[in-house]
Amino acid sequence: MNDQDQVVVAAIIARDAEVTRQIFYVQYYPLFKAVYDKYYTDCSDCIEFINEIYIYLMVPRGRTDRSYLESFTFRCRFAHWLKIVAETYCRQLYKRKKEIIEKPKEPEKQPEIS
């Protein structure tokens, strides 16, 4: 467990704008850029991709009403966890798009003529 990671995560959860900007858009920009370049997203650039990941991490989920970031357990380094989350997000996005494309269209009902 890294004490610095705990401080950073707590600051991001508390919505500290300077820490969030420094971590997401400066320090870990290369990490996000590598994921952005590797996977297809609908994002126009890496900054938009980072914004999506940030929202994905911060929005409360499910029954617990906790965000994914609040569920981070510090079993690994924060940077490693962010990479896993970003790649998983991209894979889920791709899977959903693929399912939508491959889903067979149901035939439209024709009105009955009397």
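Only a predicted model underlies this, so the values are computations on that prediction, with no experimental measurement involved.

Rules used throughout
- Residues numbered from 1 in each chain as written.
- Predicted model: local features only at pLDDT ≥ 70, side-chain atom pairs only at ≥ 80, totals over all residues.
- Heavy atoms only, no water.
- Disulfide = S-S within 2.5 Å.
- Helix = DSSP H or I, 4+ residues; strand = E, 2+ residues; numbered from the N terminus.
- Buried < 20%, exposed > 50% of the residue type's maximum accessible area, 1.4 Å probe, protein only.
- Axes fitted to C-alpha atoms, helices over the stretch in contact; angles between N-to-C directions.
- Parallel < 35°, antiparallel > 145°, perpendicular 65-115°, else oblique.
- Left-handed = near helix turned anticlockwise from the far one by under 90°.
- Contact = heavy atoms within 4.5 Å.
- Phe/Tyr/Trp six-rings, centres within 6.5 Å; stacked < 30°, edge-to-face > 60°.

**Q** Just to check I follow, could you spell out the state of the cysteines for this structure?
**A** Within the structure shown, the criterion is met by zero disulfides. Its sulfur unpaired, C43 is 7.8 Å from the next cysteine sulfur, which belongs to C90.

**Q** Please clarify how the environment of V19 should be interpreted in this entry.
**A** Topologically, V19 is positioned in helix 2 (residues 17-27). A relative accessible area of 23% means that V19 is categorised as partly exposed. Note: C-alpha distance between V19 and V9 (ten residues apart in sequence) is 9.2 Å.

**Q** Would you take a moment to explain the packing of helix 1 (residues 3-13) against helix 2 for this structure?
**A** Their axes nearest at 8 Å, the elements helix 1 and helix 2 cross at an angle of 120°. Considering the angle they form, helix 1 stands oblique to helix 2. Note on packing geometry: the crossing formed by helix 1 with helix 2 is left-handed. Here helix 1 contributes V8, A11 and I12 to the contact with helix 2, which in turn contributes V19, T20, I23 and F24.

**Q** Please clarify how the packing of aromatic side chains should be interpreted in this entry.
**A** Think of a pair of aromatic rings as described by two things: how far the centres are apart, and how the planes are tilted against each other in angle. Using the criterion set out here, one finds eleven aromatic pairs in the structure. Geometrically, the ring pair formed by F32 and F49 is edge-to-face, given 6.5 Å between the ring centres and 75° between the ring planes. Within this pair, whereas F32 is found in helix 3 (residues 29-38), its partner F49 is found in helix 4 (residues 46-58), the two being separated by 17 residues in sequence. With centroids separated by 6.0 Å and ring planes inclined at 45°, the aromatic side chains of Y36 and F49 adopt a geometry described as tilted. A residue pair is termed long-range when its members are at least 10 positions apart, and Y36 in helix 3 and F49 in helix 4 qualify at 13 residues. With respect to class, Y36 is no different from F49; both count as buried. Among the aromatic residues, those joined into a ring-pair cluster are F24, F32, Y36, F49 and Y54.

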